[in-house]
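Descriptive structure summary
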Amino acid sequence: MKAVAIINNINNPVKPELLANLVQAFGPLPKLILPPVTIFDRYVVIPSPWWIIGIICGEGSFSYNEMTSSKMNSGQLLRFSLRFEISQKTKDIYIFYAISIFLGFGSVTSDKKRGMSKLTSANLTFLQHILIPFLLAHPIPGFKGLQFQMWLKAVIVRLQCTALKTYTIEHSVKIARILSELTKLRDK
């Protein structure tokens, strides 16, 4: 019943009918003493970097957008915009502001129609100098960590293109192969 009590205190509480049946069958829910979350004017004080890693494990996404551009004498060239994103219900948007302040990056947006908010960055400089060093210093465990490692390979190729000030069909194909594997990994 302790698990039911914890579930009942997070985003989506147990439906009243189900809760009544569980209480009838197993007895009352135990009292929980939940750790306090300090909120200062809509901002959460983040207790440790690992708290952010936990949020990323649950709600983070390492993704990309494909774009085509014309290149002289070679037709269409695929370009990729690599993106990091965390999504959450809009009522918890203050979490994104806290993460944004903690890491010093990101754009917080809200979709009122869907009731969802996002913290997003596709800025290659941010990815290179802030997010990737943070995630390498605080490794993401499990499946999300595998996604990050695959996505990181694509970021590295993209950074090499930036350093060389060139983006060729070979670079495009290499990134496309990596991101194809990322998509397969995500779809499993």
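Structure first, text after, so check above.
Description of the structure in this document. Treat the numbers as computed from the prediction; the structure is a model and nothing was measured. (Residues numbered from 1 in each chain as written. Predicted model: local features only at pLDDT ≥ 70, side-chain atom pairs only at ≥ 80, totals over all residues. Heavy atoms only, no water.)

Focus on the environment of F80
Tracing the backbone through its elements, the reader meets F80 in strand β4 (residues 75-89). Separated by 13 residues in the primary sequence, F80 and M67 place their C-alpha atoms 6.1 Å from one another. Those residues in contact with F80 that sit more than four places away from it in its chain are Y64, N65, E66, M67, R158, Y167, S172, I175, A176 and L179. (Helix = DSSP H or I, 4+ residues; strand = E, 2+ residues; numbered from the N terminus. Contact = heavy atoms within 4.5 Å.)

Concerning the nonpolar core
The tendency in soluble globular proteins is for nonpolar side chains to be buried as a group. In this structure, I99, L135 and W151 are the most contacted members of the largest nonpolar core, which totals 41 residues. Of all the elements in the fold, those that place two or more residues in this core are α3 (49-59), β3 (60-71), β4, α4 (93-103), α5 (124-137), α6 (142-164) and α7 (169-187). Per-element accounting of this core gives the leading share, 9 residues, to α6. Ignoring any residue separated from it by four or fewer positions in sequence, one finds I99 in contact with I46, W51, I52, I55, I86, G104 and L119. (Core = buried A, V, L, I, M, F, W, Y, C linked by side-chain atoms within 4.5 Å. Buried < 20%, exposed > 50% of the residue type's maximum accessible area, 1.4 Å probe, protein only.)

Looking at the pairing of strand β5 (residues 107-111)
Pairing geometry for β5 and strand β6 (residues 116-121), over 5 bridges, is antiparallel. Bridging from a neighbouring strand, S110 pairs with S117 of β6. What sits between β5 and β6 in their antiparallel hairpin is a turn of 4 residues, with G115 showing a positive phi close to 75 degrees. (Pairing = 2+ DSSP bridges.)

Structural notes on the packing of aromatic side chains
Any aromatic ring pair is given by two values, namely how distant the centres are and how the planes are angled relative to each other. Under the defined criterion, the tally for this structure stands at 6 aromatic pairs. With a centroid separation of 5.1 Å and an interplanar angle of 45 degrees, the aromatic rings of F62 and W151 are classed as tilted. With F62 in strand β3 and W151 in helix α6, this pair connects stretches of sequence that are 89 residues apart. Note on accessibility: F62 and W151 belong to one class, buried. Centroid distance F105 to F126: 3.7 Å. Interplanar angle 20 degrees. Geometry classified as stacked. Residue F105 is found in the loop between α4 and β5, and its partner F126 is found in helix α5; the two are separated by 21 residues along the sequence. Here F105 and F126 have matching classes, each one buried. Taken together, the aromatic side chains of F62, F84, F105, F126, F148 and W151 make up a single cluster linked through ring pairs. (Phe/Tyr/Trp six-rings, centres within 6.5 Å; stacked < 30°, edge-to-face > 60°.)

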